[in-house]
Amino acid sequence: MKLSDLDFSYPENLVATSPQHPPRVMKFEISQGIPEEISLQQLLELIPAGDVLVINNTKVLKRRVFAGDLEILFLEQKSPLEWEVLFPSRKNKLGDEIALPGGLIMTLVQKGRPQVVHLSEAVNEDYFLRWGELPLPPYIQKARDQRHTVREDESWYQTAWAASPGSFAAPTASLHFREQDLKLLKSRGVEVLEITLHVGLGTFLPVVAEDLNDHEMHAEYIEVPRDVWRSLVAAKDCGQKVWALGTTAARALESVGGGVLSCDLEGNFKGLTKILIQPPYQFKVV
């Protein structure tokens, strides 16, 4: 697939700045060839008893810190004082010092994507809970003409079942579902299972390779528990379908099904994936 195959007219005035309830759903079946709009209720009714719905329980980290107009996303701690970060550093040179909230000084020690910085003192999640913001997608910031989060973002920019901290963006499809939707499915005999995929740096970076086979995906961490995988295998052996709520859940399951991850001594699948799903990929689990 070529990058140019994905070009289309993008109406920026229609960008949503928070989830709509009830959401609009597009249903597309290859056999029919024509998409149709359905309600969330109709979508839930498409999943029959005995099938499995897999959800991603990742939780978004508050790692976006502002230094005046400069926006820094803290990614990974490399040592007590060194961090990988992402920020617009074109105008900065090595050794530049940047004052952060709370009296912290950040020194640029390595450029690139991501950059490496040295902090004047060690920080932990308490620092980010006090000074950090949720990393809202750039298209939402642009649509609002406002880069900072607002109080309401704290309540909606996490899934209803977020439990495992580690993401730099929310699994977007899941934001349109509530606990009551899952309870309804369970009451009808649908099995709902949780996996974890922490959305990584790649979600913020553009695709620049014209041939998508040349695109270097950034690795994302996955956990698929042993009992979850056994339930999925058992369901498929019985002819039931596996539904993935969103692309992150699908990517995690296909990474296991495609042999990207191996299981540990307890039978759990944990590790990093770089898979890029594009035509003519044949799904192995979902």
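Note that residues are indexed from 1 along each chain, following the sequence as it is written. Per-residue local features of the predicted model are confined to residues with pLDDT of at least 70, and side-chain atom pairs are confined, for both listing and counting, to 80 or more; whole-chain, interface and lining totals are unaffected and use all residues. To get the side-chain values, take all heavy atoms of the structure and skip hydrogens and water.

Peer 1: Provide a residue-level description of helix α5 (residues 179-187), including the pertinent values.
Peer 2: Burial classes follow relative accessibility: with a 1.4 Å probe on protein chains only, a residue under 20% of its type's maximum area counts as buried, one over 50% as exposed, and anything between as partly exposed. The helix and strand labels rest on DSSP assignments: H or I over at least four residues marks a helix, E over at least two residues marks a strand, and numbering proceeds from the N terminus. Taken as a whole, α5 has its buried residues at D181, L182 and L185. Down the axis of α5, the buried side of the element spans an arc of 95°, and every buried residue falls inside it. What points out from α5, more than 90 degrees from its buried face, is the exposed set Q180, K183 and S187. Buried residues along α5 sit in contact with α1 (40-45), β3 (52-56) and β12 (191-198). Downstream of α5 by a residue or two, G189 has a phi angle that is positive, lying close to 95°. Arc definition: directions from the helix axis to the C-beta atoms. Should any heavy atoms of two residues lie within 4.5 Å, those residues are considered in contact.

Peer 1: I'd like to hear about the nonpolar core, residue by residue, with values.
Peer 2: The biggest cluster of nonpolar side chains holds 29 residues, and the ones touching the most others in it are V54, Y157, I195, V224, W229, L232 and L253. Taken together, the elements giving at least two residues each to this core come down to β3, β12, β13 (220-224), α6 (226-237) and α7 (247-257). The contact partners of L232, leaving out residues within four places of it in the chain, are V52, V54, L193, V242 and L253. By convention a nonpolar core is built from buried Ala, Val, Leu, Ile, Met, Phe, Trp, Tyr and Cys residues, the set being connected through side-chain atoms within 4.5 Å.

Peer 1: Break down the sheet that holds β13 for me, with residues and values.
Peer 2: Two strands qualify as a pair provided DSSP detects at least 2 bridges between them. The strand order β14-β3-β12-β13-β15 describes an open sheet built from five strands, whose pairing is mixed. Among the strands making up the open sheet, the edge pair consists of β14 (242-244) and β15 (269-273). Strand-to-strand twist in this sheet, taken as the mean axis angle between neighbours without regard to direction, amounts to 25°. Two strands pair when backbone bridges link them, and β13 and β15 are joined in this way by five bridges, in the antiparallel orientation. Across the sheet, E220 pairs through a bridge with T273, a residue of β15. Convention adopted: a line fitted to C-alpha atoms gives each axis, helices being fitted over their contacting stretch, and angles between N-to-C directions are expressed from 0 to 180 degrees. The sheet strands contacting α6 are β3, β12, β13, β14 and β15, and the helix crosses β12 at an angle near 130°.

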